Amino acid sequence: MDRKIKAVQYGTGKMAVYTMRYLEEKGVEIVGAIDINPEIVGKDIGTLRGGAEVGIKVTAVEDAEEMLKQTKPDIAIIETMSLFKDIGDALHLCAKLGINAITTCEEAFFPWNSNPELTKEIDELAKANNCTITGSGYQDIYWGQLISSIAGSTQKITKIKGSSSYNVEDYGIALARAHGAGLDLETFDKEVASIDRISDEERQEIIHKGEYLPSYMWNVNGWLCEKLGLTVKSQTQKTVPQTYSEDIYSSTLQMTIKAGDATGMSAVVTTETEEGITIESQCIGKVYGKEDYDKNEWTVEGEPNTTLVISRPSTVELTCASVVNRIPDVINAEAGYVTTNKLGDLSYKIKPLNEYVK
């Protein structure tokens, strides 16, 4: 491409501060921004980043379509919610207008196994209007590509086991609430954990209706199975609350979580495959105490056994950098809802991003 890539930032919260800077550093022109928060709408994106005004004001969601039609971006970066249904309107809008989109929504990493009907709708609309929609972020590398690379150096695999922990304070209020942070244990059990105490038949019915609440690893296991050519035989999920022994303040929720109440959750997803390989993955998202830190650990068991441990990863920055480096892959991809396992390995982009667009 012989001009700068034009991008619109959809969602201007904590993550977007990094993303917008990374976009500009990679030679991308930000032509618009969108947010639902009335306190943010109308503000200049430069001031939101703690700098001087740059002439780009945040547009209200209800005016997003007109702004997108006027600016004609090559891609929209959607960094708002964690559940696929909650970003459905944004993805529908981009697909309808023929605008490529990439989102940090964790369920969007592989929504085919948790909300297939909505994914199909967006896929068909994107194909009809010749654009590509996908989900990326931290999981693209640290829960996906690294594990598939280790698998590629293994003679025989019997089990893949992984866990990842992260501070919900770093990702905004929507994610914290999705993890049950701040709920008493009775409410957590009713609103978060109860969804998993159902039969496979009941779960599939809920999935078909688009009402399932998957943990992040539900979609990661689906991504890994498709990447590795595995056939899913069964998949289960168990969610349990995380607690802290003392009162702990959440700046994101703007509340003090009482000792013994839920600071977040741990979710374990177990996938059995026709090929005899089990994938057991766990995500632990909570408001951190002073002794907690991010950790990513995966083991591929078989011949040989291999364990990968990454302590204290800069999860927020890695998420945003992964999204930005994925942009040329998205623009170059076939139309439709295309998960990143089909986009090739994510690579470092040293040149301005437009130079990678075919």
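Presented here is a report on the structure given in the accompanying data block. Keep in mind the model is a prediction, meaning the values are calculated, not measured.

### Side note on the overall build of the chain
When its secondary structure is counted, the chain shows 11 helices and 15 strands. For the chain, the C-alpha radius of gyration of 20 Å lies close to 21 Å, the compact-globule estimate for 358 residues. Judged by the C-alpha coordinates and their principal axes, the chain covers about 50 × 50 × 40 Å. Sorting the 358 residues of the chain into buried and exposed places 55% on the buried side. Put simply, 72% of the contacts in the chain that link residues at least 6 apart link residues at least 24 apart. Summed over all atoms, the accessible surface of the chain reaches about 15700 Å², with 47% contributed by carbon and sulfur. The averaged location of the 54 negative side-chain charges in the chain is 3 Å from the averaged location of its 36 positive side-chain charges.

### Things to note about the pairing of strand 14 (residues 306-311)
Relative to strand 14, strand 13 (residues 295-303) runs antiparallel, the two sharing 6 bridges. Note that in strand 14 the partner of K295 across the bridge is S311. Count of turn residues in the strand 13/strand 14 antiparallel hairpin: 2 residues.

### What about the side chain of D44?
Here D44 shows up in the loop between strand 2 (29-35) and helix 2 (45-48). With no salt bridge to any partner, buried D44 finds its closest opposite charge in K57, at an N-O distance of 4.1 Å. Of the polar contacts made by the side chain of D44, one reaches the backbone nitrogen of I56; its length is 3.3 Å. Those residues in contact with D44 that lie beyond four places of it in its chain are A52, E53, V54, G55, I56 and K57.

### A look at the pairing of strand 6 (residues 132-135)
Of the two faces of strand 6, the one holding T132 and T134 and the one holding I133 and G135 are both buried throughout. As paired elements, strand 5 (residues 100-103) and strand 6 share 3 bridges and run parallel to each other. When the sheet's bridge partners are listed, I102 is paired in strand 6 with T134. Sheet analysis places strand 6 next to strand 15 (residues 336-337), joined by 2 bridges and oriented parallel. Across the sheet, the residue bridging to T132 is G336, located in strand 15.

### Section: the environment of D63
Of note, D63 is situated in the loop between strand 3 (58-60) and helix 3 (64-71). Remark: the alpha-carbon pair of D63 and R312, spanning 249 residues in sequence, is separated by 40 Å.

### Focus on the sheet that holds strand 3
Read from one edge of the open sheet, 7 strands run 3-2-1-4-5-6-15, paired in parallel fashion. Every other strand in the sheet has two partners, leaving strand 3 and strand 15 as the edge strands with one partner each. In terms of strand pairing, strand 2 meets strand 3 through 3 bridges, oriented parallel. Bridge pairing in strand 3 places D35 opposite A60. Most of the contacts of helix 3 go to strand 2, to which it runs at about 170 degrees, and overall it touches strand 1 (6-10), strand 2 and strand 3.

### Looking at the pattern of salt bridges
Scanning the model with the defined rule gives 17 salt bridges in all. Where R21 meets E25, a salt bridge forms, and the shortest distance between an N and an O atom there is 3.1 Å. Taken together, the residues R21 and E25, both in helix 1 (residues 14-25) and 4 residues apart, mark about one turn of the helix. Using a relative accessible area of 36% as the deciding quantity, one classes R21 as partly exposed. D292 is the partner of K286 in a salt bridge, and the nearest nitrogen-oxygen pair spans 3.7 Å. Judged by its relative accessible area of 22%, D292 is partly exposed. Each of E65, K69 and K96 takes part in salt bridges that share partners, so that together they form one network.

### Considering the packing of helix 4 (residues 88-97) against helix 5 (residues 116-128)
The N-to-C vectors of helix 4 and helix 5 enclose an angle of 20 degrees; their axes lie 8 Å apart at closest approach. When the axes of helix 4 and helix 5 are compared, the pair comes out roughly parallel. When the axes of helix 4 and helix 5 are compared, the crossing they make is left-handed. Of helix 5, the residues touching helix 4 (which contributes G88, L91, H92, A95 and K96) are L118, E121, I122, L125 and A126. Of the residues contributing to the contact of helix 4 with helix 5, the split by class is 6 nonpolar, 2 polar and 2 charged.

### Considerations on unusual backbone geometry
Across the junction of E303 and P304, the peptide omega takes the value -5 degrees, indicating a cis bond. Along the chain, the position of P304 falls in the loop between strand 13 and strand 14. Even without glycine at this site, K72 takes up a positive phi of about 50 degrees. With respect to the helices, strands and loops of the structure, K72 is situated in the loop between helix 3 and strand 4 (75-78). Backbone geometry places Q254, a non-glycine residue, at a positive phi of 55 degrees. Topologically, Q254 is positioned in the loop between strand 9 (248-250) and strand 10 (255-257). According to the relative accessible area criterion, Q254 is exposed, its value standing at 66%.

Rules and cut-offs
Residues numbered from 1 in each chain as written. Predicted model: local features only at pLDDT ≥ 70, side-chain atom pairs only at ≥ 80, totals over all residues. Heavy atoms only, no water. Helix = DSSP H or I, 4+ residues; strand = E, 2+ residues; numbered from the N terminus. Rg over C-alpha atoms; globule rule 2.2 N^0.38 Å. Buried < 20%, exposed > 50% of the residue type's maximum accessible area, 1.4 Å probe, protein only. Contact = heavy atoms within 4.5 Å. Areas by Shrake-Rupley, 256 points an atom, 1.4 Å probe, with all protein chains shown as cover. Lys, Arg positive; Asp, Glu negative; His and termini not counted. Charge placed at Lys NZ, Arg CZ, Asp CG, Glu CD. Pairing = 2+ DSSP bridges. Salt bridge = Lys/Arg side-chain N within 4 Å of Asp/Glu carboxyl O. Polar contact = N/O pair within 3.5 Å; in protein donor to acceptor, adjacent residues only side chain to side chain. Axes fitted to C-alpha atoms, helices over the stretch in contact; angles between N-to-C directions. Parallel < 35°, antiparallel > 145°, perpendicular 65-115°, else oblique. Left-handed = near helix turned anticlockwise from the far one by under 90°. Nonpolar A, V, L, I, M, F, W, Y, C, P; charged D, E, K, R; others polar.

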